[in-house]
Every structure is written in structure tokens, then in C-alpha cells.
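Spelled out, the chains give:
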Amino acid sequence: MALAETEIPTASVSADTALDGRFGPAVALSCRECGTRYDLGPSFACIECFGPLEVAYDFGRVTREQIAAGPASIWRYRALLPVPDGVAARPNMAPGWTRLVNAGNLARELGLRSLHVKDDSGNPTHSFKDRVVAIAVEAARNFGFHTLSCSSTGNLAGAVTAAAARAGLDACVFIPADLEQAKIVMASVYGGRLVGIEGTYDDVNRFCSELIGDELGERWGFVNVNLRPYYAEGSKTLAYEIAEQLGWRIPDQIVVPVASGSQLTKIDKGFKELIALGLVEERPYRIFAAQAEGCSPVSAAYKAGHDVIRPVRPETIAKSLAIGNPADGPYVLDIARRTGGAVEDVTDAEIVDAIRLLARTEGIFAETAGGVTVGVLRKLVAEGRLDPDAETVVLNTGDGLKTLDAVAGEARPTAVIRPSLDEFRSVIA
Ligand SMILES: Cc1ncc(COP(=O)(O)O)c(C=O)c1O
Ligand SMILES: [Zn+2]
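- As recorded in an unreviewed UniProt entry, the protein goes by Threonine synthase and comes from Streptosporangium pseudovulgare.
- Annotation of the protein in UniProt includes, under Cofactor (unreviewed entry), the sentence "pyridoxal 5'-phosphate".
- Listed in UniProt under the heading Sequence similarities (unreviewed entry), the comment for the protein reads: "Belongs to the threonine synthase family."

Next comes the structure, spelled out in C-alpha cells:
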């Protein structure tokens, strides 16, 4: 695991101060592998076994009514997140509570009885990353970090610089230098420093791990490195919202994109918490993971029956998912296998087709990551691996305006004419 190579920052907050309410119901960090517990702090790897740390909670009683009375943002679930009670009143991006679209047209076209699209393009910076960053900003404030940073495949950089601007923090974010123009514009327009690194995302991530160990970056909050346990919790809100918007029901099947795999593992955690808290009825659900063929290390391991992921060098138009060495890949494999789901991938051509299919049937313009999930959904249905009669949800995690080039080649006016009815008649016939 790449993160294990970095020197581990020691926890700076004692259990006593952690319990003063700044982390809401969170009580500790816990190793996902060996269960060792640590005080809440800017730590991310277990000192005993190098396993990833995640937030552990002591939830009080949480009711549907209490949640429904909250704001139309992720903060309606603050009782289930590592944030203080008054978080909604602080300057932040208030992401979430995005639309769940009943996608009847697409369902008919694919031969499904019930399909919803969870459309996270409606977030403030137009991707699901606003959810995770909002939680990381709270952690950064708690730990006294004044600079917010990240390694990003594009969407995260924009989410971090925007959130830092609003929270009054400095930002310095790192991306592969060859990203789409829209992602570069969105990551620089909010201010802060944007650094392009010559290399892949995995090179950027390695660089950031080195930077944390250096005095230059040791007091920075890297949302997806030393703040990762907190950041990752933001993805649970996708599970909560989907269940609440379905009338407090977990869907039978869900298709989720995978880059590092963090989002998918936290959607599973979110469903499990809702069941444990009695907020939804316990029922089986299947989680399907979606990758682009040009960066499909998790899918390759799944198909080969392996438990370990062999890193790859990404080559795909789905740049937001182009992580060749996914930190949470093994957990994605576990979850897909345990829930009776699968991991599948689609080619760049299938991604473009799927973007167009979703736009044509439902009026939703997805970025390439949405093309990956819809493409995988289509493939799984065609191969009889998804139950066509079961309630299905597919995620669109980003806005098509961010990856215009994917479809720009085929996009042109039906005709260009002078403003004359005769000319219009001649071309429209
Ligand atoms: C639009 C979009 N969807 C999905 C993902 C996957 O996120 P994760 O790294 O949590 O698997 C990313 C990651 O950058 C993304 O930008
Ligand atoms: Zn451990």
C-alpha cells in the first residue's frame, strides 16, 4: 500500500479534547485491518499493521424525523458524520441533497423495471467530491491546518480550492499536468495554488506523500491523505440520500464508479449504518463496481479471482477515474463479492455511447465517470448479470461540461442555414 511508505503523523488530539463535540458522534480512529483504536487526529495508517484508519462512532438515537427536519444538504446527516452540531451555520459549500431521477426512459431502453440515477453533477463544483471535501474542511479546522491540499484526478482539486476559498483557508492542490481544460480552469478559478505534475495521478499521489513528510507540507491538511479517514466519510451521505429519497429503502442493486475505491466502500458503510440504526429495513443489496477498461486494475483482479490488485498505467478518457494503484481496491473486491455484485469495465467507445444514451433518454449530461457507470450498467443487463426486475440505482458523479471533449467530436448542428423558411424546409425534410 503506497500510503504505508510515508512516515505516519502522530495523533495530536487527545481523546478528552476529541469529546468536546468538535467531531460530533465520532469517538476514535480504528484500523480497518486489525481494529486498533487511536485518538482522533490527522493520522491515516495503523502503526501496528499499516492498515487504513477509519472513523469510529458512538451514535446516539437518530430518527428519520430528525434527519428530515435538517437542511437540504449533507448536513441533515450531521448526527452520523464526524462534524460538530452547528456545522451547517459555518461558511461551507453545503453540498449534497442532489436529485434522484426516476429514469423510466433509460430503464425501458435497457429492459429494467425500476431505475434511478443519483445525479451528483448538481453539487456546487459539479461532482460528488464536494461531499468529501466538506467533511475534510471541518477536520482541517479542528487540527489547526491553514492550508488545504490534495492529489487529484481533477474534480477533487476544484472542490478543494472552492471549499478553501469559502472557508478562508489557503489551498495548494496537485494534479497530473495533462488534465482536461475544464478541470484545470475549475481548479484555478477559485484562487489558491494549482500545481501540475508531469506524470500520472499515482505519481502525483506519491509526491504528496513525500511532501507530508517534508517540513514544507507537514502542517498542511491533505484531504485525501492525512485527512483521508474524515474525507472518506463524506461519501456515506450518498448512501443516506439514496435510501431517504427512495422512501427510506435501500435499493436492491447499485452501480458505483471506482477510482481509489473510497466512495464505494463508504456507500456500503452508509447502508450498513442505516440498517444498524433501524432507519431502514434490513435487506440484501448488491454493489457493482464500474471502471474504464483503460484503467481497470480492480476489475482485472476481480475477473482473475485475485485478492490483490496489480497496479496499471492508466490510458483512458475517463481521467477522473484514472488511478492505477487504488488504495481501497482490495475492499472493493471484498464488497462486490460479499454482496453478490461484480466489478466490470467498459471501453472508451462504450463510455462515449453511454454518455450519449443517458443524455438522449433522460436529459442528463454526465462526465466520463457517469459514462463508465451507465456503460457498465448496460453491459451487466445485456449479459444477464443484473436482475432486471430489481430496484436499481446508477451513480452519475460528475458534470458532462467538465469532459466536453469526450463527445465534442460528434457534436455539431443538424444544419447551418440562412434565416429562411425555404432553406429550413430543404434541410429538415
Ligand atoms: C467524478 C468522479 N467519480 C468517481 C470518482 C471515484 O472516487 P473514488 O476515488 O472514491 O473511487 C472520482 C474520483 O476522483 C471522480 O472524480
Ligand atoms: Zn492495524
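Having seen the structure, we can now continue with the description.
What about the site of ligand 1?
Inference 1: As a matter of local geometry, ligand 1 sits amid 16 residues, with Asn-155, Ser-260, Gly-261, Gln-263 and Thr-397 nearest to it.
Inference 2: Contact distances for ligand 1 include 3.1 Å between an oxygen atom and a side-chain N or O atom of Thr-153.
Inference 3: Interatomic distance of 2.6 Å between a side-chain N/O atom of Thr-397 and a nitrogen atom of ligand 1.
Inference 4: In isolation ligand 1 exposes 390 Å². Once the protein is present, 97% of that is buried.
Inference 5: For the shell around ligand 1, the class distribution of residues is six nonpolar, eight polar and two charged.
Inference 6: For the shell around ligand 1, the domains that each give at least three residues are domain 2 (100-124 + 235-408) and domain 3 (129-231).

Brief notes about the nonpolar core
Inference 1: With 84 residues, the main nonpolar core has Tyr-230 and Ile-254 as its most contacted residues.
Inference 2: Setting aside anything within four residues of it in sequence, one finds Tyr-230 in contact with Phe-23, Leu-29, Leu-40, Gly-41, Val-55, Pro-82, Ile-135, Ala-139 and Phe-143.
Inference 3: Core analysis: the next-biggest nonpolar cluster, separate from the first, contains 38 residues, Ala-107, Ala-318, Ala-342 and Leu-386 among them.

Things to note about the packing of aromatic side chains
Inference 1: Applying the stated rule across the entire model yields nine aromatic pairs.
Inference 2: Where Tyr-57 meets Phe-59, the ring centres are 4.7 Å apart and the plane angle is 15°; that geometry is what we call stacked.
Inference 3: One aromatic cluster is present, built from ring pairs that chain together Phe-23, Phe-143, Phe-145 and Tyr-230.

Digging into the pairing of strand S7 (residues 170-176)
Inference 1: Summarising burial for S7: six of the seven residues are buried, a large majority.
Inference 2: By the bridge criterion, five bridges tie strand S6 (residues 147-151) to S7 in an arrangement that is parallel. Bridge pairing in S7 links Cys-150 to Val-173.
Inference 3: The parallel pair S6 and S7 is bridged by helix H5 (residues 155-167), and the resulting crossover is right-handed.
Inference 4: Sheet topology places S7 next to strand S8 (residues 193-197); five bridges connect them, and they run parallel. Considered in S8, the bridge of Pro-176 is made with Ile-197.
Inference 5: This β-α-β element, S7 to helix H6 (residues 181-188) to S8, shows right-handed connectivity.

A look at the sheet that holds strand S5 (residues 114-119)
Inference 1: Across the sheet, which stays open at both edges, the six strands sit in the order S4-S5-S13-S10-S11-S12 with mixed pairing between neighbours. Two strands bound the open sheet, and with one partner strand each, they are strand S4 (100-102) and strand S12 (342-346). Pairs of neighbouring strands in the sheet enclose a mean axial angle of 25°, with direction left out of account.

Focus on the environment of Tyr-38
Inference 1: In this structure, Tyr-38 sits in strand S2 (residues 37-38).
Inference 2: Residues Tyr-38 and Ala-56, spaced 18 residues apart in sequence, show a C-alpha to C-alpha distance of 9.7 Å.
Inference 3: Here Tyr-38 is in contact with Ala-28, Leu-29, Cys-46, Ile-47, Glu-48 and Leu-53, once residues within four sequence places are set aside.
Inference 4: Only 2.8 Å separates the side chain of Tyr-38 from the backbone nitrogen of Ile-47, close enough to count as a polar contact.

So, the domain arrangement of the protein
Inference 1: Assigned domains within the protein: domain 1 (3-65), domain 2 (100-124 + 235-408) and domain 3 (129-231).
Inference 2: Opposite the 16 residues of domain 1 that make contact, domain 3 presents nine residues.
Inference 3: Counting each side, the surface lost to burial between domain 1 and domain 3 is near 1,200 Å², with a carbon and sulfur contribution of 68%.
Inference 4: Seen at the junction of domain 1 and domain 3, the total is zero salt bridges.
Inference 5: Viewed at the interface, domain 3 and domain 1 are joined by two residue pairs in polar contact (both at pLDDT 80 or more).
Inference 6: Here the side of domain 1 that touches domain 3 takes three residues from strand S3 (residues 53-57), the largest share from any one element.
Inference 7: Residue composition of the side of domain 1 that touches domain 3, grouped by class: ten nonpolar, four polar and two charged.

Topic: the pattern of salt bridges
Inference 1: Applying the stated criterion across every chain yields a total of 31 salt bridges.
Inference 2: In this structure, Glu-180 and Lys-183 form a salt bridge, with 3.4 Å as the shortest nitrogen-oxygen distance.
Inference 3: For Glu-180, a relative accessible area of 13% translates into the label buried.
Inference 4: Three or more residues joined by partner-sharing salt bridges are found here, namely Arg-32, Glu-54, Glu-233, Lys-236, Lys-266, Lys-269 and Glu-273.

Examining unusual backbone geometry
Inference 1: For Phe-50, which is not glycine, the phi dihedral falls at a positive 65°.
Inference 2: Inspection of the secondary structure puts Phe-50 in the loop between S2 and S3.
Inference 3: Positive phi values are uncommon outside glycine, yet Trp-248 reaches one of about 55°.
Inference 4: In this structure, Trp-248 sits in the loop between helix H9 (236-245) and strand S10 (253-257).

Parameters at a glance
- Chains are numbered independently. Their residues run from 1 in the order of the written sequence.
- Key to labels: chains lettered from A, ligands numbered from 1, both in the order written.
- Confidence filtering applies because this is a predicted model: local features only for residues at pLDDT of at least 70, side-chain atom pairs given and counted only at 80 or more, and all residues used for totals across whole chains, interfaces and linings.
- Processing note: side-chain calculations cover all non-hydrogen atoms of the structure and skip hydrogens and water entirely.
- UniProt positions are given in the numbering used here, feature names are shortened, and annotations may be inferred rather than shown by experiment.
- One heavy atom within 4 Å of a molecule or strand is enough for the residue carrying it to be called near that molecule or strand.
- We call two N or O atoms a polar contact when they sit within 3.5 Å, provided that within protein one can donate a hydrogen and the other can accept it, with sequence-adjacent residues counted only if both atoms are side-chain atoms.
- For the accessible areas, the method is Shrake-Rupley and the probe is 1.4 Å, while residue cover comes only from the protein chains on display.
- In the scheme used here, Gly and all other residues not listed as nonpolar or charged are polar, with Ala, Val, Leu, Ile, Met, Phe, Trp, Tyr, Cys and Pro taken as nonpolar and Asp, Glu, Lys and Arg as charged.
- Residue ranges assigned to the domains are those given by an automatic or database domain assignment.
- In this description, a nonpolar core means a group of buried Ala, Val, Leu, Ile, Met, Phe, Trp, Tyr and Cys residues linked to one another through side-chain atoms lying within 4.5 Å.
- Buried, partly exposed and exposed residues are distinguished by accessible area as a fraction of the type maximum, computed with a 1.4 Å probe on protein chains only: under 20%, between the cut-offs, and over 50%, respectively.
- Whether two residues are in contact is decided by their heavy atoms: any pair within 4.5 Å suffices.
- Side-chain rings of Phe, Tyr and Trp (the six-membered ring for Trp) are treated as a pair once their centres are within 6.5 Å; stacked means planes under 30 degrees apart, edge-to-face means over 60, and tilted covers the remaining angles.
- The secondary structure listing takes helices from DSSP runs of H or I that are at least 4 residues long and strands from runs of E that are at least 2 residues long, numbered from the N terminus.
- For two strands to be treated as a pair, DSSP must find at least two bridges joining them.
- Consider the strands pointing away from the viewer: the crossover is right-handed when the path from the first strand over the helix to the second runs clockwise.
- Fitted lines through C-alpha atoms serve as axes, helices being fitted only where they are in contact, and the angles separating the N-to-C directions of these axes extend from 0 to 180 degrees.
- Put simply, buried area is the surface a 1.4 Å probe can reach on two separate parts but cannot reach once they are joined, added for both.
- Salt bridge, as applied in this entry: a Lys or Arg side-chain nitrogen positioned within 4 Å of an Asp or Glu carboxyl oxygen.

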